[in-house]
Amino acid sequence: MFAIFALITLFGALSVAFQKNLVVAGLCMVLTFFGVAGLYLLLSNPVAAALQIIVYSGAIVVLVLFVIMLLSAHEEEPAGRTMPIQRWGSAVVALALAAGAVRVVLTSGFMQAMKPLKIQGPMNLNLVGVELFRGHLVAFEVAGLLLLATMIGAVALVKKDL
Amino acid sequence: MEHFAQLLHLSPAMAWMVVKLIIAFAAPLVLAAVLTWVERRGAAMIQDRIGPNRAAILGRWRLLGLVQLAADGIKFFLKEDLVTRDANKTLFWLAPFMAFVPAMMGFAVIPFGRSFVENGTAYHLSLLDPGNGMGMLYPMAIGSVAVYGILTASWSSNNKWSILGGMRSSAQMVSYEIGMSVAVLAIFMTTGGYDPHQIIAAQDSVLHWNVVRHFFGFLVFFTCMFAETNRLPFDFAEGESEIVAGFHTEYGSMKFALLQLSEYVHIVVASSLIVTLYFGGWQVPFVKDPAVLLSVLSFAGKVVFFCWVFIWIRWTLPRFRFDQLMFLGWKVMLPLSLANLLVHAYFMHRWG
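Residues numbered from 1 in each chain as written. Chains lettered and ligands numbered in written order. Predicted model: local features only at pLDDT ≥ 70, side-chain atom pairs only at ≥ 80, totals over all residues. Heavy atoms only, no water.

- The name an unreviewed UniProt entry gives chain B is NADH-quinone oxidoreductase subunit H, with Mesoterricola sediminis as the organism.
- Check the Sequence similarities (unreviewed entry) section of the UniProt entry for chain B; it says "Belongs to the complex I subunit 1 family."
- UniProt annotates chain B under Subunit (unreviewed entry) with the comment "NDH-1 is composed of 14 different subunits. Subunits NuoA, H, J, K, L, M, N constitute the membrane sector of the complex." (UniProt positions renumbered as here; feature names shortened; annotations may be inferred.)

- Going by an unreviewed UniProt entry, chain A carries the name NADH-quinone oxidoreductase subunit J and comes from Mesoterricola sediminis.
- The UniProt entry for chain A carries this comment under Sequence similarities (unreviewed entry): "Belongs to the complex I subunit 6 family."
- Regarding chain A, the UniProt comment filed under Subcellular location (unreviewed entry) reads as follows: "Cell membrane".

Right, here's the structure in full:
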């Protein structure tokens with residue numbers, strides 16, 4: 001099961017990168033999100049899986065596709081002039097980031113203490129709520145404030161006469 | 001149950017799973033097929049016409065026009081399968097399935113009868129057992145994915161009317177989902193759980209039905225379900241008087257049938273969601289702990305009633321204008337459901 005979902009995720013992600021057609025690339029992104037949701041399910045966290053689908057597949061990508069269709073930019077625009085240095089630079093940076101991420105995961109204490117996890121039933125919303133308001137209250141409130149500020153900013157930018 | 005499982009050489013759990021799969025898959029499909037007939041006869045009734053009554057078995061038995069269903073099915077299968085020249089062929093093929101599969105998946109979590117215990121094994125009448133952690137988040141997730149079928153169909157057919165329909169539909173779905181989610185949130189709050197089994201168990205008498213406690217939440221949810229199913233007061237994706245036939249302008253034959261069928265399956269799922277959340281699911285009014293069969297019948301009866309309401313409203317109300325739709329969604333439905341949530345939160349805080 002893990003292999004199936006991982007392959008779906010990887011296939012979707014690679015298609016997003018290599019697909020020339022923007023709308024198809026967007027749909028591949030949805031596929032990736034479904035793969036990730038499946039991985040969450042395997043980690044016995046159905047709440048995260050459901051939220052992944054509701055928020056990312058259901059709302060964000062729909063809006064992205066909406067904008068793509070509105071601008072009717074169906075094909076990727078060719079660059080004005082090619083800059084090989086940009087391509088190589090980005091490849092190096094991406095590799096460095098990937099290596100760093102893998103190293104962090106492999107050397108973390110969690111990895112050393114890894115044994116077959118004992119799973120006490122699937123995650124549910126109640127547990128998420130308790131965890132959110134007990135363990136991460138400040139981060140939660142800050143995130144809420146940040147989102148509110150963003151929303152007000154967006155409205156202020158768009159509205160001509162407030 | 002055990003006897004039946006032995007006949008098939010299966011374990012009771014396995015046999016039960018198969019039975020449930022067949023029910024959860026076939027019931028919405030059959031009901032949806034019948035709904036296409038109900039829609040046409042109902043429209044005829046409301047508009048004082050007769051409706052389809054010509055098709056007949058061997059030119060003899062008309063069965064109130066029910067034979068029309070079979071005739072339409074055969075016709076759809078035999079039609080030529082046209083794909084326009086400039087369409088994106090892969091997506092054009094894929095789109096009907098992307099509309100149909102999420103529609104069929106939505107029913108999986110809904111309990112269609114009372115759970116019962118036999119020989120120490122509990123049998124639950126929903127495809128996903130209670131305590132799966134997904135609960136009511138599942139139909140909402142599936143429902144939010146349903147828009148891709150319409151979007152893909154509209155974009156891939158490379159037709160300006162279609163794209164207009166698809167864009168309207170995506171804007172509409174995203175705006176109505178917020179009001180709907182907040183309305184459902186209020187139910188989670190008063191129930192203290194989000195599993196459909198819990199929600200139904202909490203509505204154990206008519207006065208405890210959520211439609212009484214959350215009347216405004218029900219209004220919001222009910223309206224949003226019309227938007228989610230793309231039914232007439234809100235069928236902007238299709239809008240046949242403005243944009244030909246919207247997202248399925250270019251579709252014909254069985255692909256069109258699939259798109260159409262998925263709309264009716266959506267109606268069935270939406271009705272069962274309304275029933276589960278607001279009308280006590282399988283609970284029978286004034287009967288405590290009903291028999292299993294009675295509970296299933298009660299659920300089916302309620303669902304069929306709401307399916308009829310969907311059709312009834314379609315042929316009664318005219319279509320909104322698009323700005324009216326947005327006004328209704330953002331400035332009426334969202335504040336109403338937020339107010340509903342806050343009032344319930346206040347009362348829960350006050351009286352525990």
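### Concerning the interface of chain B and chain A
Step number 1: Chain B puts 25 residues into the contact, and the matching count from chain A is 28 residues.
Step number 2: Among the residues of chain B in contact with chain A, Tyr148, Trp155 and Met167 of chain B are the three that bury the most area, contributing 29% of the side total.
Step number 3: Counting the contacts that link chain B with chain A gives 0 salt bridges.
Step number 4: Elements with a minimum of two residues in the side of chain B that touches chain A: α4 (89-105), α5 (137-145), α6 (147-156) and α7 (160-191) of chain B.
Step number 5: If you tally residues by element for the side of chain B that touches chain A, the top one is α7 of chain B, at 6 residues.
Step number 6: Considered class by class, the residues forming the side of chain B that touches chain A number 16 nonpolar, 8 polar and 1 charged. (Contact = heavy atoms within 4.5 Å. Buried area = accessible area lost by both parts, 1.4 Å probe. Salt bridge = Lys/Arg side-chain N within 4 Å of Asp/Glu carboxyl O. Helix = DSSP H or I, 4+ residues; strand = E, 2+ residues; numbered from the N terminus. Nonpolar A, V, L, I, M, F, W, Y, C, P; charged D, E, K, R; others polar.)

### Examining a nonpolar patch on the surface
Residues and elements named next belong to chain B.
Step number 1: A contiguous nonpolar surface patch, about 730 Å² in accessible area, is contributed by Phe4, Leu7, Leu8, Leu10, Met14, Val18, Leu21 and Ile22.
Step number 2: Among the elements that take part in the nonpolar patch, helix α2 (residues 12-46) stands out by supplying 4 residues, more than any other.
Step number 3: Mapped onto the fold, Leu7 is located in helix α1 (residues 2-7). (Patch = residues over 30% accessible without salt bridge, like charges linked within 9 Å, V, L, I, M, F, W, Y side chains within 5 Å. Areas by Shrake-Rupley, 256 points an atom, 1.4 Å probe, with all protein chains shown as cover.)

### Describing the UniProt feature "transmembrane region" (unreviewed entry) in chain A
Residue and element names in this part refer to chain A.
Step number 1: The feature "transmembrane region" (unreviewed entry), as annotated in UniProt, sits at residues 21-43, 49-71, 92-113 and 133-158 in this numbering.
Step number 2: Each end of residues 49-71 is marked by a C-alpha atom, and these two atoms are 31 Å apart; helix forms 100% of the span and strand 0%.
Step number 3: Between the end C-alpha atoms of residues 133-158 there is a gap of 34 Å, over a span that is 92% helix and 0% strand.

### Some thoughts on the confidence of the model for chain B
Caution is warranted with low-pLDDT regions, since their predicted coordinates should not be read in detail.
Residue and element names in this part refer to chain B.
Step number 1: Chain-level pLDDT for chain B is 82 on average; 99% of the residues reach the 70-or-more range.
Step number 2: Between the elements of chain B, mean pLDDT differs from a low of 71, seen in α1, to a high of 88, seen in helix α12 (residues 292-314).
Step number 3: Scored as a whole, the predicted complex attains pTM 0.83, and scored at its interfaces, ipTM 0.78. (pLDDT = per-residue confidence, 0-100.)

### Some words on the pattern of salt bridges
Residue and element names in this part refer to chain B.
Step number 1: The full count for this structure, using the stated rule, is 3 salt bridges over all chains.
Step number 2: Among the ionic pairs, Arg314 bridges to Glu39, the shortest N-O distance being 3.3 Å. Of this pair, Arg314 sits in helix α12 while Glu39 sits in helix α2; the two residues are 275 residues apart in sequence, bridging distant segments of the chain.
Step number 3: Here Asp72 ties to Arg40 by a salt bridge, and the two come within 2.7 Å at their closest N and O atoms. One end of the pair, Asp72, is in helix α3 (residues 67-78); the other, Arg40, is in helix α2, and 32 residues separate them in sequence.
Step number 4: Exposure remark for Arg40: the relative accessible area of 36% places this residue in the partly exposed category. (Buried < 20%, exposed > 50% of the residue type's maximum accessible area, 1.4 Å probe, protein only.)

### A closer look at unusual backbone geometry
Residue and element names in this part refer to chain B.
Step number 1: A positive phi is found at Asp48, a non-glycine position, where the angle reads about 60 degrees.
Step number 2: Structurally, the position occupied by Asp48 is in the loop between α2 and α3.
Step number 3: Classification of Asp48 as exposed rests on a relative accessible area of 70%.

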